[in-house]
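# Close look at the chain arrangement
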Amino acid sequence: REMFYLAICAIFRDEDRFLREWIEFHLCHGFEHIFLFADRPSNLTCTASLIQPYIESGHVTLDRGVPTTDPQIPTYNLCLQRYGPRARWIAFI
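About the thresholds
Once a new chain begins, its residue numbering starts again from 1 and follows that chain's sequence as written. It should be noted that, the model being predicted, local features are given only for residues of pLDDT at least 70 and side-chain atom pairs only at 80 or more, the latter also being counted only at that level, while totals for whole chains, interfaces and linings use all residues. As a rule here, side-chain values cover all heavy atoms of the structure and leave hydrogens and water aside. A pair of strands is labelled paired if DSSP reports no fewer than 2 bridges between them. Counting from the N terminus, the helices are the DSSP runs of H or I reaching at least four residues and the strands are the DSSP runs of E reaching at least two. Fitted lines through C-alpha atoms give the axes, limited to the stretch in contact for helices. The angle between two N-to-C directions lies from 0 to 180 degrees. Contacts are assigned to residue pairs that have any heavy atoms within 4.5 Å of one another. Here is the rule: rings of Phe, Tyr and Trp (six-membered ring for Trp) pair when centre to centre is within 6.5 Å. Planes less than 30 degrees apart are stacked, more than 60 are edge-to-face, and the remainder are tilted. Here's how the labels work: a residue is buried when its accessible area is under 20% of the maximum for its type, exposed when over 50%, partly exposed in between, all with a 1.4 Å probe on protein chains only.

### Digging into the sheet that holds strand β4 (residues 87–92)
Strands sit in the order β3-β2-β1-β4 across an open sheet of four strands; the sheet is parallel. Edge positions in the sheet fall to β3 (60–64) and β4, since each of these pairs with one other strand and no more. The sheet shows a mean angle of 20° between the axes of neighbouring strands, direction not considered. Bridge analysis of strand β1 (residues 4–12) against β4 gives five bridges, and the strand direction is parallel. Residue I8 lies in a different strand from β4, and its bridge partner there is A91. Sitting on the sheet, helix α1 (residues 16–28) touches β1, β2 (33–38) and β3, and the angle it makes with β2 is about 155°. Lying on the sheet, helix α4 (residues 72–83) is in contact with β1, β2, β3 and β4; it crosses β2 at an angle near 135°.

As structure tokens, then:
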């Protein structure tokens, strides 16, 4: 498993059309990896296909958020539990 110096943990809901631009922006600003969590995705397969090049290159990990009414903090905690050991620094945005 690769260790990253600077990563992002982010949660999103049905923002597929913006994801590629959002990923490119953050990679260009020095983030090495992005842990993306989908909150109640309408079609996770579609989302995965849109960002597949980033997943295959090792820049993005796509996962499901915690299915609850207010998922942000529980999902950030899940990210930290699952992926925290893989990064020196993680920005939660």
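From this point, the narrative continues.
### A few points about the packing of aromatic side chains
On inspection of all chains with the given rule, the structure shows four aromatic pairs. Residues F4 and F35 carry aromatic rings whose centres are separated by 6.4 Å and whose planes lie at 75° to one another, so their mutual orientation is edge-to-face. Of this pair, F4 sits in strand β1 while F35 sits in strand β2, and the two are 31 residues apart along the sequence. One exposure class covers both F4 and F35, and it is buried. Taking the centre distance of 5.3 Å and the plane angle of 65° together, the rings of Y76 and F92 count as edge-to-face.

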